[in-house]
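Structural features, examined
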Amino acid sequence: MNRDRPAWRLARVVLRRLLQAVPIVLGVLVVNFLILRLAPGDIADVLAGESGVATPGYVAELRTRFGLDRPVWVQLFAYVSNAALLDLGWSFRHARPVAELIAARLVPTLILMAASTTLAVGLGIVLGVLAARRVNRPIDAVISTLALLCYATPLFWIGLMMIVLFAVQLGWLPSGGFETLGTGATGLGRILDIARHALMPAVALALFYLALYTRLTRASMLETLTQDYVRTARAKGLPERLVVFKHALANAVLPTVTMTGVQINSLLGGAVLVETVFAWPGIGRLAYEAVFTRDHNLLLGILFLSSVLVILVNLLVDLLYAVLDPRIEAA
Amino acid sequence: MTAPLLAVEGLSVRFRSGGRMLPAVDGLDIAIAAGETVAVVGESGCGKSVTALAIMGLLPAPPDCAVAGRAALDGVDLLSLPPEGLRRLRGRAMAMVVQEPRTSLNPVFTVGDQIAEAVRVHTACSARAARARAVELLELVRIPDAARRLDDYPHRFSGGMRQRVMIAIAMACDPRLLIADEPTTALDVTIQAQILDLLGDLQARFGMALLLITHDLGVVARMARRVVVMYAGRKVEEAPLRPLFAAPRHPYTQGLMRASPHHAPAGGGRRLAEIPGVVPPLDALPLGCAFAPRCPVAFDRCRDERPAVLPAGDGRLAACFRAAGEAAPA
């Protein structure tokens, strides 16, 4: 079998990158663990505070039960060795395994991420191309101004204003939540219901990056359209549609691919805000609650998941880059 | 003479610059018969490349650029054709090879794609047939191992090889007119000769007309049958090759000859004579002859009045009061 075939080379690259990721994930686990331990307060303090009548003895008993009285390095070792077996531990707050809690919240967050990324990338590229094709004309001015506005407006404020307008004033869309409760809808009806709920949070989460991609695509299209190979494409007699969307865009899209990787990596951070504003039952809100209740196991699990996500997305972007730009050999 | 394949008449191209329209090409006439090679010679900025782009319809759209005059290919005026009609001719009836092979191929598509694309856009054929034609074209431009190189990306080719690919793209639909704009300027000397040979052979084999734009008199001497000399957007002289090299009529052509190592009077070690001064900028063209400020034989009339392009004997044309044999003060 020929081991130099592209498929083999690709498989080797992916395998090597995944192996390289193991020490990184391990490092992330250790650092996160230690940093959380540095923060004052633990879950025993929170639970005792909530009960209102806790004695020091009760707090100490809680700590013993949760294993928080053991030396930090013992806890660390236990945590990391469990995590290596994909056991993310137990949330004492929710009295359920961390993995189960995350799994329940993962789907809504993935829906939100996929919807907002698709919207931002797709529409951003279209608007950027449109603006570049009509540079310095009215349509370019409108697109560029809107992009600047979206770029500069804070995420949570846009979210709140959207709720005021579309949910409260116009009543077109639900103000929050994942789906309408108690309808018992299944199949297509349920999907549409979820989509209606997802629309506002996805748009709110997408706007900033939509603006970024529009500006990025506009700038790189303007540069690409002046390249000699675009003139070659025209000299062949290609229709303008192919000149712009094939020859120019294939080159202009590369910076946007890089940016998309960065966007997906930072989506979890943005999701905390948006999920809170729109009462979206996703990972972001779960993380936010975990911080306030000092649910360290849960928080560590979420951070672990997001670091794995970042590594996978980076790998994917690099591979995509090698496909889109043949001058870069996957390495 | 029968009707020429390409007849450029009174071509003017003006570019917008700081609110003014500056003339890049002014009242240019060029005629090329089918199968003929005509060279357009001149310094950088004299309007030769702009002329090529105007014929191909690749200049920027108004209001940044204004084109006037006629450029008829087979009797069809390219300048008044709607964009779609012009597009159908580009790459089919007329094709272009440009100076920079390194940047003229799209880096993210294989050369096979880029050649096959030129075939498919003008002929109804399957992807497989277009690919077969692409192999044929690569063999035509003498790329060794053509079938295997089809799926390589441009960065795997040298400059000379890329220029061959560009020629293959241009030849995709057997054009009747090939415009070669400085096709060898960016290449090594040895490669230059190969590319020129290739162009000459293709022309002999397929009988297309060749409009060769260059500043290199060596290339002109090797390829052309007739030569048009341009200066500051205008034609200053036109003549068959031999008479032009033997006895240039226009002082600018004479200066070019003296400045060229191939054609300067023999005598080793002598310094080549340069033309004093610089080409006038487009926004400060003199009232009279544009070459007058640099001309060694200019007189008062040259500075006040623009000389017309007039017959200067033996089927030659020149735009110079002295060449036309008019009385000049001693």
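Use the structure listed above.
**Examining the overall build of chain A**
Per the secondary structure count, chain A includes 13 helices and two strands. Dimensions of chain A, computed from the C-alpha atoms along their principal axes, are close to 85 × 65 × 40 Å. Taking all 331 residues of chain A together, 40% fall into the buried category. When the accessible area of chain A is evaluated, it comes to approximately 17200 Å², of which 70% is carbon and sulfur surface.

**Digging into the overall build of chain B**
From N to C terminus, chain B includes 12 helices and 12 strands. For chain B, whose C-alpha radius of gyration is 21 Å, the value lies close to the compact-globule estimate of 20 Å for 330 residues. Structurally, chain B occupies a C-alpha span of about 70 × 50 × 40 Å along its principal axes. Counting all 330 residues of chain B, 52% fall into the buried class. Put simply, of all contacts in chain B between residues at least 6 apart along the chain, 63% involve residues at least 24 apart. Accessible surface, chain B as shown: approximately 14500 Å² in total, 53% of it carbon and sulfur. Counting 38 positive and 33 negative side-chain charges, chain B places the averaged centre of each group 1 Å from the other.

**Some points on the sheet that holds strand 7 (residues 177–181) of chain B**
Sheets are built from strands that pair by backbone hydrogen bonding, the pairs being arranged parallel or antiparallel. All names here are of chain B. Spatially, the eight strands line up as an open sheet ordered 6-7-8-3-9-10-12-11, and their pairing is mixed. Two strands bound the open sheet, and with one partner strand each, they are strand 6 (94–97) and strand 11 (310–311). The pairing of strand 7 with strand 8 (residues 209–214) spans five bridges and is classified as parallel. Residue pairing across strands places L178 opposite L210, the latter belonging to strand 8. Against the sheet, helix 1 (residues 48–56) contacts strand 3 (37–41), strand 6, strand 7, strand 8 and strand 9 (226–231), and its axis sits at roughly 145° relative to strand 6.

**Section: the interface of chain A and chain B**
If you look at the interface, chain A gives 19 residues, while chain B gives 26 residues. Around 2000 Å² of area is buried between chain A and chain B when both sides are counted, 60% of it from carbon and sulfur atoms. By the criterion of area lost to chain B, the three top residues of chain A are A:R231, A:K236 and A:P326, representing 29% of everything that side buries. A salt bridge links A:K246 to B:E117; its shortest N-O distance comes to 2.7 Å. Put simply, chain A and chain B have 13 residue pairs in polar contact (both at pLDDT 80 or more) between them. Elements with a contribution of two residues or more to the side of chain A that touches chain B: helix 9 (228–235) and helix 10 (240–252) of chain A. No other element matches the six residues that helix 9 of chain A contributes to the side of chain A that touches chain B. Considering only residue class, the side of chain A that touches chain B consists of seven nonpolar, four polar and eight charged.

**A look at a nonpolar patch on the surface**
All names here are of chain A. Residues F156, W157, L160, M161, V164 and L273 make up a contiguous nonpolar surface patch of about 530 Å² in total accessible area. The element best represented in the nonpolar patch is helix 7 (residues 155–169), accounting for five residues. You can see W157 is positioned in helix 7. Its relative accessible area of 44% is what places W157 among the partly exposed residues.

**Focus on helix 8 (residues 187–224) of chain A**
In this model helix 8 of chain A runs just 45 Å from its N-terminal to its C-terminal C-alpha over 38 residues, more than 12% under the 56 Å that 1.5 Å per residue would give. Helix geometry: helix 8 of chain A is bent most strongly at A:L207, by close to 45°.

**A word on the sheet that holds strand 5 (residues 76–77) of chain B**
An order of 2-1-4-5 (chain B) is seen for the four strands of this open sheet, with the pairing classed as antiparallel. Each of the sheet's edge strands pairs with one partner strand only, and the pair in question is strand 2 (20–32) and strand 5 of chain B.

**Observations regarding the pattern of salt bridges**
All names here are of chain B. Throughout the structure, instances matching the rule amount to 33 salt bridges over all chains. Taking the shortest distance from any N to any O, the salt bridge between E84 and R87 comes out at 2.7 Å. Of this pair, E84 and R87 both sit in helix 2 (residues 83–89), three residues apart, roughly one helical turn. Accessibility expressed as a relative area gives 12% for R87, which makes it buried. Counted as one network, the salt bridges with shared partners bring together E36, R225, R226, K235 and E238.

**Regarding the environment of A:V13**
Residue and element names in this part refer to chain A. Tracing the chain through its elements places V13 in helix 1 (residues 6–38). For V13, a relative accessible area of 7% puts it in the buried group. A C-alpha to C-alpha distance of 9.1 Å links V13 and L319, two positions 306 residues apart in sequence.

**Here's the deal with the pairing of strand 10 (residues 234–240) of chain B**
All names here are of chain B. In terms of burial, strand 10 is largely enclosed, as five of its seven residues are buried. In this structure, strand 9 lies alongside strand 10, joined through six bridges in antiparallel fashion. By the bridge assignment, M230 is partnered in strand 10 with K235. Taking the residues that link successive antiparallel strands as the turn, the strand 9-strand 10 hairpin has two residues, and the phi of A232 there is positive, at about 50°. The pairing of strand 10 with strand 12 (residues 317–318) spans two bridges and is classified as antiparallel. What sits directly across from E237, in strand 12, is A318.

**A look at the side chain of A:N32**
Here A:N32 shows up in helix 1. Setting aside its immediate chain neighbours within four residues, A:N32 contacts A:L300 and A:L303.

**Observations concerning the packing of helix 12 (residues 283–292) of chain A against helix 13 (residues 296–324) of chain A**
All names here are of chain A. Their axes nearest at 9 Å, the elements helix 12 and helix 13 cross at an angle of 145°. Read as a crossing pair, helix 12 and helix 13 show a hand that is left-handed. Within the contact between the two elements, helix 12 uses I283, L286, A287, A290 and V291 and helix 13 uses L298, L299, I302 and L305. For the contact of helix 12 with helix 13, the residue count by class is nine nonpolar, no polar and no charged.

**Details of unusual backbone geometry**
Residues and elements named next belong to chain B. Here the bond from P62 into P63 is cis, since omega is 10°, no more than 30 degrees from zero. Mapped onto the elements, P63 comes out in the loop between helix 1 and strand 4 (65–73). Located in the positive-phi region is A232, a residue other than glycine, with phi close to 50°. Here A232 is to be found in the loop between strand 9 and strand 10.

Thresholds, definitions, all that
- Residues numbered from 1 in each chain as written.
- Chains lettered and ligands numbered in written order.
- Predicted model: local features only at pLDDT ≥ 70, side-chain atom pairs only at ≥ 80, totals over all residues.
- Heavy atoms only, no water.
- Helix = DSSP H or I, 4+ residues; strand = E, 2+ residues; numbered from the N terminus.
- Buried < 20%, exposed > 50% of the residue type's maximum accessible area, 1.4 Å probe, protein only.
- Areas by Shrake-Rupley, 256 points an atom, 1.4 Å probe, with all protein chains shown as cover.
- Rg over C-alpha atoms; globule rule 2.2 N^0.38 Å.
- Contact = heavy atoms within 4.5 Å.
- Lys, Arg positive; Asp, Glu negative; His and termini not counted.
- Charge placed at Lys NZ, Arg CZ, Asp CG, Glu CD.
- Pairing = 2+ DSSP bridges.
- Axes fitted to C-alpha atoms, helices over the stretch in contact; angles between N-to-C directions.
- Buried area = accessible area lost by both parts, 1.4 Å probe.
- Salt bridge = Lys/Arg side-chain N within 4 Å of Asp/Glu carboxyl O.
- Polar contact = N/O pair within 3.5 Å; in protein donor to acceptor, adjacent residues only side chain to side chain.
- Nonpolar A, V, L, I, M, F, W, Y, C, P; charged D, E, K, R; others polar.
- Patch = residues over 30% accessible without salt bridge, like charges linked within 9 Å, V, L, I, M, F, W, Y side chains within 5 Å.
- Expected span 1.5 Å × (residues − 1).
- Bend = angle between axes of the 7 residues up to and from the residue.
- Left-handed = near helix turned anticlockwise from the far one by under 90°.

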